[in-house]
Each structure stands twice: as structure tokens, then as C-alpha cells.
Amino acid sequence: MLQVNFHPFPKLITERLLLREINTTDAQEIFNLRSSKTIMQYIDRPMAATEADALKYIGIIAGALKNNEGITWGITFADDPKLIGTIGFWQMQKENYRAEIGYMLNDTFQRRGIMQEAISVALDYGFNIMKLHSVEANVNPLNIASAKLLEKNNFILEAHFKENYYYNEKFLDSFVYSLLSKNYKTKII
């Protein structure tokens, strides 16, 4: 079975970015991400209505981290600690050496290669440090940018589930992408 230990918290560094632990001082930025109609349009979860909702979400992230059940990094520029996005592994299936990756980025910073940098270093950590065998991503089929990012990183579309998810009084489709460790090409480390 997969054994992970996220203590001490692993900071990840790229050419432009620092991926660091999220804490309560990030509540406003988390609220901005999770209350934005643009950012949340393809994330089929309730939007944050208050900063208290953001703090609750930060608590969920902290709990998963404490119990080694998942890890979420705050994405910042190396020279600015202000959080601009998140990326992490959750829905871990330790018995299967598998985790789901999820991410979001402030729309002001999209289309600049930032999420490509973040996903590269996160996947390196997942495959080389956590020793995952596979990583999956569950994507709303209308989220073309996310699908292209995954495909650029050698993820394969494994399934298109029809109306398998009920949210906001609608049945929605899901794409499930997957990347096996043997098909992963190390890009950073």
C-alpha cells in the first residue's frame, strides 16, 4: 500500500513559481478563486459565498494534509507570496497507488504557462516522491483548456461518462483522464 508523509510540508519551486502550504492568511485569495463565476464555471461544486466558506475549505485542506490523505499547494510567484491558484492531489486510493489531481488559477493569470509549470512540478512530486502509479483528473467536458493541459502532459482520456453527476438540478457528463507513471516524462527536478 502507498505510504505518504507530507510532514514537513514539501515546498515546490519552478523557474517562476513557489508552491507552498495554504493557510488561513490565504482566506481572501481562496474566497476570490472559489467565488468567481469565471473560475468556478467548470467546477461542479458550490461557490464560496463568504470568507468563512473559504476558511472552511482551508480547514478541509489542512485536515487532509494532517492525516496524509491529500496535499494541496498554494501557487504563488517566487517573489510574491500572494496566492494566485491551487493544485493538489486528493481522492487518494492508497491501495491502488492512485490519486486525483485538481487545480484552479486566478483568471488574471491564465494563458501564461503558469499552470503548465505547476502541473509539471506537482506530477514530478506525485510520481517521483509519492511513488504514485497513476494520476487521474475528472474534467467537465466543456472545460477545453483543462483537457488540453492534461493532454499536453500525456494524460489519456479514459472515459466519457454520460450524465453521471447530478449537480444544481442537472445531470452532467464527466471526462476522466489518466496518466500512468510509465507514460510520464519528467519535466522538472
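The sections below set out a description of the structure shown in this document. Worth saying up front: this structure is predicted, and the values here are computed from it rather than measured. Here the residue numbering is sequential within each chain, running from 1 through the sequence in written order. Reporting in this predicted model follows two pLDDT cut-offs: at least 70 for local features of residues, and 80 or more for side-chain atom pairs to be given and counted; totals over whole chains, interfaces and linings ignore these cut-offs and use all residues. In computing side-chain properties, one takes all heavy atoms of the structure into account and sets aside hydrogens as well as water.

1. Examining helix α5 (residues 144–152)
Three- or four-residue spacings in an α-helix give side chains the same orientation, since the helix completes a turn every 3.6 residues. The set of residues buried in α5 consists of Ser146, Ala147, Leu149 and Leu150. The arc enclosing the buried residues of α5, seen along the axis, measures out at 160 degrees, which places them on a common side. Along α5, the residues that are exposed and aim more than 90 degrees away from the buried face are Ile144, Ala145, Lys148 and Lys152. For α5, the secondary structure elements touched by its buried residues are β5 (98–105), α4 (114–129), β6 (134–139) and β8 (170–180). Counting from the N terminus, the helices are the DSSP runs of H or I reaching at least four residues and the strands are the DSSP runs of E reaching at least two. Among the residues trailing α5, Asn154 stands out with phi positive, at a value near 70 degrees. Relative accessibility thresholds used throughout: buried, under 20% of the residue-type maximum; exposed, over 50%; partly exposed, between the two (1.4 Å probe, protein chains only). It is the directions from the helix axis to the C-beta atoms that the arc portrays. Contacts are assigned to residue pairs with any non-hydrogen atoms lying within 4.5 Å of each other.

2. Re the packing of aromatic side chains
Pairing of aromatic side chains here covers Phe, Tyr and the six-membered ring of Trp, requires ring centres within 6.5 Å, and sorts the geometry by plane angle: under 30 degrees stacked, over 60 edge-to-face, intermediate tilted. Inspection of the entire model under this criterion finds 8 aromatic pairs. Measuring from ring centre to ring centre gives 6.4 Å for Phe9 and Trp73, while their planes differ by 70 degrees; the resulting arrangement is edge-to-face. You can see Phe9 sitting in the segment before β1 (12–13) and its partner Trp73 sitting in strand β3 (residues 71–77), a full 64 residues away along the chain. Across the pair, Trp73 and Phe9 agree in class, each one buried. Taking 6.2 Å as the distance between ring centres and 80 degrees as the angle between the ring planes, the aromatic pair formed by Trp73 and Phe89 counts as edge-to-face. One end of the pair, Trp73, is in strand β3; the other, Phe89, is in strand β4 (residues 80–93), and 16 residues separate them in sequence. Look at Phe89 and you get buried, because its relative accessible area is 1%. The rule is short: NZ of Lys or CZ of Arg within 6 Å of the ring centre and within 35 degrees of the ring normal puts a charge over the ring. Directly above the ring of Tyr57 sits Arg34, whose terminal nitrogen or CZ lies 4.0 Å from the centroid.

3. A few points about the side chain of Thr76
Inspection of the secondary structure assignment puts Thr76 in strand β3. Take Thr76: its relative accessible area is 0%, and that puts it in the buried class. Once you skip the residues sitting within four places of it in the chain, Thr76 turns out to touch Arg16, Leu17, Leu18, Arg20, Pro81, Lys82, Leu83 and Ile84.

4. Here's the deal with helix α3 (residues 51–66)
Working rule for helices: expected span equals 1.5 Å times residues minus one. In this model α3 runs 22 Å from its N-terminal to its C-terminal C-alpha over 16 residues, within 8% of the 22 Å that 1.5 Å per residue would give. Of all the positions in α3, only Ala54, Ile58, Ile61 and Leu65 are classed as buried. Angular distribution of buried residues about the axis of α3 spans 55 degrees; they occupy a single face of the element. Along α3, exposed side chains directed more than 90 degrees from the buried face belong to Ala52, Lys56, Ile60 and Lys66. If you follow the buried residues of α3, they end up packed against β2 (17–21), α1 (27–34) and β3.

5. Some remarks on the packing of α4 against α5
What describes two packed helices is the angle between their axes and the distance between those same axes. Taken N-terminus to C-terminus, the directions of α4 and α5 make an angle of 45 degrees; their axes are 11 Å apart at the nearest point. Taken together, the axes of α4 and α5 are oblique relative to one another. Crossing hand, α4 versus α5: right-handed. Within the contact between the two elements, α4 uses Met115, Gln116 and Ile119 and α5 uses Leu149, Leu150 and Lys152. Here, axes are lines fitted to C-alpha atoms. For helices the fit covers the stretch in contact, and angles between N-to-C directions go from 0 to 180 degrees. Each angle is binned into one of four classes, with values under 35 degrees roughly parallel, values over 145 roughly antiparallel, values of 65 to 115 roughly perpendicular, and all other values oblique. A crossing counts as left-handed when the near helix is turned anticlockwise from the far one by less than a right angle, and as right-handed when that turn is clockwise.

6. Points about the sheet that holds strand β7 (residues 156–167)
On the basis of which strands lie adjacent, the open sheet formed by 8 strands has the order β1-β2-β3-β4-β5-β6-β8-β7 and mixed pairing. Strand pairing shows two members of the sheet lacking a second neighbour, β1 and β7, which therefore form its edges. Should DSSP find at least two bridges between two strands, the strands are regarded as paired. Note that β3 and β4 share 6 bridges and pair antiparallel. The partner of Gly74 across the bridge, within β4, is Thr86. Against the sheet, α1 contacts β4 and β5, and its axis sits at roughly 65 degrees relative to β4.

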